[in-house]
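An overview of the molecular structure
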Amino acid sequence: MTQKVRVRFAPSPTGYPHVGNIRTAMFNWLLARHSGGKFVLRIEDTDVARKVEGAVKAIMDSLRWLGIDWDEGPDVGGDYGPYYQSERLELYKSAAEKLIAQGDAYYCYCSPERLAELRAEQVRRKQPPGYDRLCRNLSQEERVKKEAEGIKPVVRFKTPLEGQTAYKDVIWGQVVVENSTLDDFVLLKSDGFPTYHLANVVDDHAMKISHVIRAEEWISSTPRHLLLYKALGLEPPQFVHHAMILGPDRAKLSKRHGAVSILDYRDMGYLPQTMFNFLALIGWSLDDKTELMSRQELIDNFSLERIGKTGAIFNREKLDWMNGVYIRKLTAEEFFEAVQPYIMEDLDAGKALIEDEEYVRAVLPLVQERARTLLEVVELTRFFFVDQLEYAPGLLIGKNMDKAATAKALKAAQDKLKPLKPFDTDSLEAVLRPLAPELGLKTGQLFAALRVAVTGRTAAPPLFDTMAVLGKERCLKRIEAALAKL
Ligand code: GLU
């Protein structure tokens, strides 16, 4: 294969990109980067009715978040633009006209009502759906009459009634379809916009696409595309239909399995490097054991041949595990950079506290080993950033303790902490550990009460580290508040 690799991601802006869409983009991008080819972003916005406001931005944001950059596309331009299909209508029109002129396409005047009736009838008779070719052989006179009635026609492809269409899919091998099973599909709609089939073929050719890598759900469209390439006298690209992402029940991954929008995963605090690694290994593998692969390792090792033929499951537990691994790999600075935006958005936090960078930097190492998502970091550290802790007073009274003993213990701790200098992990341990036996308590009893008093929770990062970061003033204030609660 000496042909230069040019691949494209061709989303329709009909919604927010799904993890499956982005994985398709990723396979394309990986092939381009692996082979020194080009990755093109093309927006297939020809379905005016289904266009969703903000979808193009969401597509670009998703790609950028994962570091999937495009060499050509709507914003960056390129030699084969424009990259919005809605700006290329002339090209589709002239292709349709060429097909009509050479007898491979025809105008169809059937009304939406007639087509709906036809479809209903086919359903009733349990026949496969499809146009009955009523307008395929209209005479010139009949056409003129329809035009005079002011009917705006669509253009349909004159699918051969016999023969087979075959191609070799990189993943599926030889695929053969009887032409008689295909109907005369629409090429141009009455509003002058092309259908997916026509625009896709015209553009993949015009943009010199070498490999069409897309999800398996498009495999049934491919014979139609091949017939179009043939009728237009064009060389088709190579086709690579990869399997879909499945939910744990092996059904196609969908909203009912939980979040599917890639940006939701960003918002939940997954790192882009985790998501990249995780998605690349759904349906592609290096071998049967390697789980952790950097972006560069994926680029270096990527090959179409290792894309799986069967659907692979989106395993949320594995994602959580992997994100924990990537979180632990971050340097303190990287971790701070990653978490800070999430902490800044925490509505429960005190503004002055979250804006105190030095304080945030001191807090973060206490949870880096434990958190699996950045939102979890926010949860685990929230008590550091609230002005006032909220918890049920009963939480202060631990096992085999009562109100009086707890109050006494907290007061004694207060007395030890007031003069303490420096207020660090070692000095805290040095005064608090011996205090328990002095009070006739087990260390666990004293520490449990103190933990709740300073964090509002029964489980928190190590107590002395936590207190040291909170600082003397805040600890004393919180113990005072705990005593007031009792
Ligand atoms: N616009 C189609 C989509 O939304 C593109 C399919 C293809 O890659 O051909 O997925």
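This report concerns the structure included in the present document.

Parameters at a glance
- Numbering of residues starts from 1 in each chain and follows the order in which that chain's sequence is written.
- Local features in this predicted model are restricted to residues whose pLDDT is 70 or higher, and side-chain atom pairs enter the listing and the counts only when it is 80 or higher, whereas totals over whole chains, interfaces and linings include all residues.
- Only hydrogens and water are removed before side-chain values are computed, so all heavy atoms of the structure are retained for them.
- A simple rule labels every residue: compare its accessible area, found with a 1.4 Å probe on the protein chains alone, to the largest value its type can have, and call it buried under 20%, exposed over 50%, or partly exposed in between.
- Per the convention used, a helix needs a DSSP run of H or I reaching at least four residues, while a strand needs a run of E reaching at least two, with both numbered from the N terminus.
- It is the directions from the helix axis to the C-beta atoms whose arc is reported.
- What makes two residues a contact is simply this: any of their non-hydrogen atoms within 4.5 Å.
- A pair is scored as a salt bridge if a Lys or Arg side-chain nitrogen falls within 4 Å of a carboxyl oxygen belonging to Asp or Glu.
- A molecule or strand has a residue near it when one of that residue's heavy atoms lies within 4 Å.
- The term polar contact refers here to a pair of N or O atoms within 3.5 Å; inside protein, the definition further demands a hydrogen-donor-capable atom paired with an acceptor-capable atom, and it admits residues adjacent in sequence only when both atoms are side-chain atoms.
- Note that accessible areas follow from Shrake-Rupley with a 1.4 Å probe, and for residues the cover is restricted to the protein chains shown.
- In the cavity and pocket records, a cavity denotes points on a 1 Å grid over the protein atoms alone where a 1.4 Å probe fits but cannot get out, a pocket denotes an open set with protein on both sides within 12 Å along at least 5 of 7 lines, and lining residues are residues with an atom within 4 Å of a point.
- A pocket or cavity is taken to hold a molecule when more than half of that molecule's atoms are within 2 Å of the pocket's grid points.
- Three categories are distinguished: nonpolar for Ala, Val, Leu, Ile, Met, Phe, Trp, Tyr, Cys and Pro, charged for Asp, Glu, Lys and Arg, and polar for the others, with Gly belonging to the last.
- We call two strands paired when DSSP finds no fewer than two bridges between them.
- If the strands point away from the viewer and the path from the first strand over the helix to the second runs clockwise, then the crossover is right-handed.
- Pairing of aromatic rings covers Phe, Tyr and Trp, the last through its six-membered ring, and needs centres within 6.5 Å; plane angles under 30 degrees mean stacked, over 60 mean edge-to-face, and all others mean tilted.
- The angle between two axes is taken between their N-to-C directions and runs from 0 to 180 degrees, where each axis is a line fitted to C-alpha atoms and a helix contributes only its stretch in contact.

**Quick look at helix α17 (residues 425-432)**
Those residues of α17 lying buried are Ser-427, Leu-428 and Leu-432. Axial view of α17: buried residues confined to an arc of 115°, hence all on one face. The outward face of α17, more than 90 degrees from its buried face, is lined by the exposed residues Asp-426 and Ala-430. Check the buried side of α17 and you find it contacts α16 (403-417), α18 (435-438), α19 (443-455) and α20 (463-470).

**Describing the pattern of salt bridges**
Side chains that differ in charge, positive against negative, can pair when their charged atoms come close. Within this structure, the stated rule accounts for 32 salt bridges. Here Lys-318 and Glu-291 are joined by a salt bridge, their closest N and O atoms 2.9 Å apart. Taken as a pair, Lys-318 in helix α11 (residues 316-329) and Glu-291 in the loop between α9 (272-280) and α10 (295-301) lie far apart in primary sequence, 27 residues in all. The class of Glu-291 is partly exposed, set by a relative accessible area of 33%.

**Things to note about the site of the ligand**
As a structural note, the neighbourhood of the ligand is formed by Arg-8, Ala-10, Ser-12, Glu-44, Tyr-196, Asn-200, Arg-214 and Trp-218. A distance of 2.9 Å is found between a nitrogen atom of the ligand and a side-chain nitrogen or oxygen belonging to Ser-12. A distance of 2.6 Å separates a nitrogen atom of the ligand from a polar side-chain atom of Glu-44. Burial of the ligand by the surrounding chains reaches 85%, relative to a free accessible area of 290 Å². Here the ligand is seated within the largest pocket. Its residues assigned to classes, the shell around the ligand comprises three nonpolar, two polar and three charged.

**Brief notes about the pairing of strand β8 (residues 211-215)**
Of all five residues in β8, five are buried, a share of seventy percent or more. In this structure, β8 lies alongside strand β9 (residues 238-242), joined through five bridges in parallel fashion. Residue pairing across strands places Ala-215 opposite His-242, the latter belonging to β9. As for the winding sense of the linkage, the β-α-β connection from β8 through helix α7 (residues 222-232) to β9 is right-handed.

**What about the packing of aromatic side chains?**
If you walk through the whole model with that rule in mind, you get 14 aromatic pairs. A ring pair is formed by Tyr-265 and Phe-314, whose centres lie 5.6 Å apart and whose planes are at 55°; its orientation type is tilted. Taken together, the positions of Tyr-265 in helix α8 (residues 262-267) and Phe-314 in the loop between β11 (312-313) and α11 put the pair 49 residues apart, joining distant regions of the chain. Accessibility assignment for this pair places Tyr-265 and Phe-314 in one class, buried. Aromatic pair Trp-284 and Phe-302: ring centres 5.6 Å apart, planes at 25°, arrangement stacked. Linking Trp-284 in the loop between α9 and α10 with Phe-302 in the loop between α10 and β11, this pair joins segments that are 18 residues apart in sequence. Take Trp-284: its relative accessible area is 2%, and that puts it in the buried class. Site record: aromatic cluster; members linked through ring pairs are Tyr-265, Tyr-270, Phe-278 and Phe-314.

**Brief notes about the sheet that holds strand β7 (residues 186-188)**
Read across the sheet, three strands follow the order β3-β4-β7 without closing on themselves; strand pairing throughout is antiparallel. Here the strands that pair on one side only, and so sit at the sheet edges, are β3 (105-108) and β7. Neighbour-to-neighbour, the strand axes of the sheet open up by a mean angle of 45°, direction not taken into account. As paired strands, strand β4 (residues 154-157) and β7 are joined by two bridges and run antiparallel to one another. For Val-155, the partnering residue across the bridge sits in β7 and is Leu-188.

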